[in-house]
Amino acid sequence: MSDLPGDLVEEILCRVPATSLSQLRYTCKQWNNIFNNRTFTRKHSDKAAKQFQVLMLKHNEVCMMSVNFCGVPSIEIKGEYGLTNPQATFEIFQVSHCEGLLLCTNRRYSRIVVWNPCTGETNWLRPRKRGWSCVLGSYQDKNYGGNSYKILSFPDGKYKRFAIYEINTKVWKTLDVTLDCKLECFDYGKSLKGKTYWFAFDKNEEQLGMFLVSFDYTREIFERLLLPCLCRYYEAFSVSVVREEKLSVLLQNGDASKTEIWVTNKIDNDTKVVSWSKFLTVDLKAQLCIGGFTNFLVDEEKKFIVVCQCSLLGDFPIKQVVYIGGEDNKVIQVYSGYTSSLQCLFYYVPSLTQISCVSNSKTWLSSKLIPFMFSLLFLDGKTRQYLNNNNKIMFTC
């Protein structure tokens, strides 16, 4: 491909799945420069086929999950994505995800890392306040073009103070915003198209029942979104993102015997009205315990849901149970175990998304590449000359 025009090379590469491209990053100087170009990463995001994976947080590791809906439904928990960890004591306790990036915090909320599992890029930072929850979101960045990323942080149970961290500028600032309702402590928020969504309620307007609250990372304001059904309080509830296009909610009314799954229309930056349609009704009342942590995924094509229910046994460990339910109203338990981290089940699309728009030569020098560079120092002159002449490496020794 070295004889092809640069524009044609880009057109070819922007259609190759991200997981394959990440392995080719250091093949030659030209390709590495292409992958570092934000224009190319945006083009790749638009044109490359989406590779949807199901990820699950288990025993402080981000694991891949294979879901089988054929015959007797089942799941298989596969290998982990390896986080390059400069601190051996860091264990993932909570994960927030947005556009191919993961925001991971430890149990004490004293350390944060933004991580692209596909490329291996990481950005380690300290929280604004120890013990504050954090979520990751995107915003329209006019300075760099396309999306950039921010971290919203606030103390658990107290929603009067908010701070935001802009990854490009590496600066924390206090937000001058007021939240006139209470976020649910069992709901850690889901991010979609520049907003993060939580369940909430307002004691001063109890007739409204529960609703969704979103934080807009571009305008840095909170907004409300009504749920499809008016209910003062749900015994079980959860919000999920459907293939980076839609929102979905799981609602279990205390007076009803069924659990309802609702899905919105497609949401993008130009969406003015969000509407709901009922996707599925299943009998999950016996499985969903009150006060438990619930995550779920929707498969619109196959008409199935995957539900992960966690309940605390004292402080730790956390009992983790996974169910699969379908339109035939059959609910099957497919996994049961214990974990030391908060439940997290989500669709993940591997991408070339860059964490920061500001170049940093250290970010691409992963721990796996450093031993390789060191070994090059001991190559004989003929071998090094061959590698350079054939564009097998991107630097000289």
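Residues numbered from 1 in each chain as written. Predicted model: local features only at pLDDT ≥ 70, side-chain atom pairs only at ≥ 80, totals over all residues. Heavy atoms only, no water.

A word on the overall build of the protein chain. Helix and strand counts for the protein chain come out as six helices and 25 strands. Residues counted as buried form 50% of the 397 residues belonging to the protein chain. In the protein chain, once contacts between residues fewer than 6 apart in sequence are set aside, the share between residues at least 24 apart is 48%. Summed over its atoms, the accessible surface of the protein chain is roughly 19400 Å², and 49% of this surface lies on carbon and sulfur atoms. (Helix = DSSP H or I, 4+ residues; strand = E, 2+ residues; numbered from the N terminus. Buried < 20%, exposed > 50% of the residue type's maximum accessible area, 1.4 Å probe, protein only. Contact = heavy atoms within 4.5 Å. Areas by Shrake-Rupley, 256 points an atom, 1.4 Å probe, with all protein chains shown as cover.)

Bringing the sheet that holds strand 25 (residues 345-348) into the picture now. Taken in spatial order, the four strands line up as 3-2-1-25 in an open sheet, and their pairing is antiparallel. Whereas interior strands pair on both sides, the edge strands pair on one side only; in this sheet they are strand 3 (74-80) and strand 25. In this sheet, adjacent strand axes meet at a mean angle of 40° when their direction is disregarded. In this structure, strand 2 (residues 61-68) lies alongside strand 3, joined through five bridges in antiparallel fashion. Paired with Asn-68 across the strands is Ser-74, a residue of strand 3. (Pairing = 2+ DSSP bridges. Axes fitted to C-alpha atoms, helices over the stretch in contact; angles between N-to-C directions.)

Counting buried residues along strand 4 (residues 94-98), five of its five residues qualify, which places the element largely inside the surrounding structure. Here strand 4 shows a buried face lined by Gln-94, Ser-96 and Cys-98 and a second buried face lined by Val-95 and His-97. Here strand 4 runs beside strand 5 (residues 101-105); their pairing, made up of five bridges, is antiparallel. Note that in strand 5 the partner of His-97 across the bridge is Leu-102. Counted between consecutive antiparallel strands, the loop separating strand 4 from strand 5 contains two residues, among which Glu-99 sits at a positive phi close to 50°.

Moving on, we come to helix 4 (residues 38-47). Every buried residue of helix 4 is listed here: Arg-38, Phe-40, Thr-41 and His-44. Down the axis of helix 4, the buried side of the element spans an arc of 155°, and every buried residue falls inside it. Next to the buried residues of helix 4 lie helix 1 (6-13), helix 2 (18-23), helix 3 (29-35) and strand 9 (147-155). Its side-chain oxygen at 2.7 Å from the backbone nitrogen of Thr-39, Asn-37 defines the N-terminal cap of helix 4. (Arc of directions from axis to C-beta. Polar contact = N/O pair within 3.5 Å; in protein donor to acceptor, adjacent residues only side chain to side chain.)

Following the criterion strictly, the structure yields 15 salt bridges and no others. Across the pair Asp-180 and Arg-224 runs a salt bridge whose closest N-O atoms are separated by 3.4 Å. Linking Asp-180 in the loop between strand 11 (171-174) and strand 12 (182-183) with Arg-224 in strand 16 (residues 221-225), this pair joins segments that are 44 residues apart in sequence. Take Arg-224: its relative accessible area is 35%, and that puts it in the partly exposed class. One salt bridge connects Lys-195 with Glu-223, and the closest N-O pair in it is separated by 3.0 Å. One end of the pair, Lys-195, is in strand 14 (residues 195-201); the other, Glu-223, is in strand 16, with 28 residues separating them in the sequence. (Salt bridge = Lys/Arg side-chain N within 4 Å of Asp/Glu carboxyl O.)

With that out of the way, let us pick up a nonpolar patch on the surface. On the surface, Leu-4, Leu-8 and Ile-12 cluster together into a nonpolar patch covering about 220 Å² of accessible area. Tracing the backbone through its elements, the reader meets Ile-12 in helix 1. (Patch = residues over 30% accessible without salt bridge, like charges linked within 9 Å, V, L, I, M, F, W, Y side chains within 5 Å.)

Here the focus is the nonpolar core. Judged by nonpolar contacts, the single largest core of 28 residues is most densely connected at Ile-92, Val-95 and Trp-115. Secondary-structure elements contributing two or more residues to this core are helix 1, helix 2, helix 3, strand 1 (53-58), strand 5, strand 6 (112-115) and strand 25. Top contributing element to this core by residue count: helix 3, with three residues. The residues that make up this core include at least three from each of domain 1 (6-45) and domain 2 (50-348). When sequence neighbours within four positions are dropped, the list of residues in contact with Val-95 reads Leu-57, Val-62, Leu-102, Leu-103, Cys-104, Cys-344 and Phe-346. (Core = buried A, V, L, I, M, F, W, Y, C linked by side-chain atoms within 4.5 Å. Domains from an automatic or database assignment.)

This part takes up the sheet that holds strand 11. In spatial order, the strands read 8-9-10-11; together these four strands make up an open sheet with antiparallel pairing. Of all strands in the sheet, those with a lone pairing partner are strand 8 (132-140) and strand 11, marking the two edges. Going from strand to strand, the sheet's axes swing by 25° on average, the running direction of each strand aside. Here strand 8 runs beside strand 9; their pairing, made up of nine bridges, is antiparallel. Opposite Tyr-139, over in strand 9, you have Ser-148 as the bridge partner.

Relative to the elements of secondary structure, His-97 occurs in strand 4. With near-sequence residues (within four places) excluded, His-97 lies in contact with Leu-102, Lys-190, Ser-191, Phe-346 and Tyr-347.

Attention now goes to the confidence of the model for the protein chain. Within the protein chain, residue pLDDT values average 80, and 82% of them lie at 70 or more. Of the regions scoring below 50 in pLDDT, residues 359-378 engages in 17 contacts with residues more than four places distant in sequence or in other chains. (pLDDT = per-residue confidence, 0-100.)

Packing of helix 1 against helix 4 brings their axes to within 9 Å, and their N-to-C directions diverge by 45°. Judged on the interaxial angle alone, helix 4 and helix 1 are oblique. Contacts between helix 1 and helix 4 involve Glu-10, Glu-11 and Leu-13 from the former and Phe-40, Lys-43, His-44 and Lys-47 from the latter. Here the residues of the contact of helix 1 with helix 4 are counted per class, giving two nonpolar, one polar and four charged. (Parallel < 35°, antiparallel > 145°, perpendicular 65-115°, else oblique. Nonpolar A, V, L, I, M, F, W, Y, C, P; charged D, E, K, R; others polar.)

This paragraph deals with unusual backbone geometry. Positive phi values are uncommon outside glycine, yet Glu-99 reaches one of about 50°. Along the chain, Glu-99 turns up in the loop between strand 4 and strand 5. Here Glu-99 falls in the partly exposed class, since its relative accessible area comes to 25%. The backbone of Lys-193 shows a phi angle near 50°, a positive value even though the residue is not glycine. Its location among the elements puts Lys-193 in the loop between strand 13 (190-192) and strand 14.

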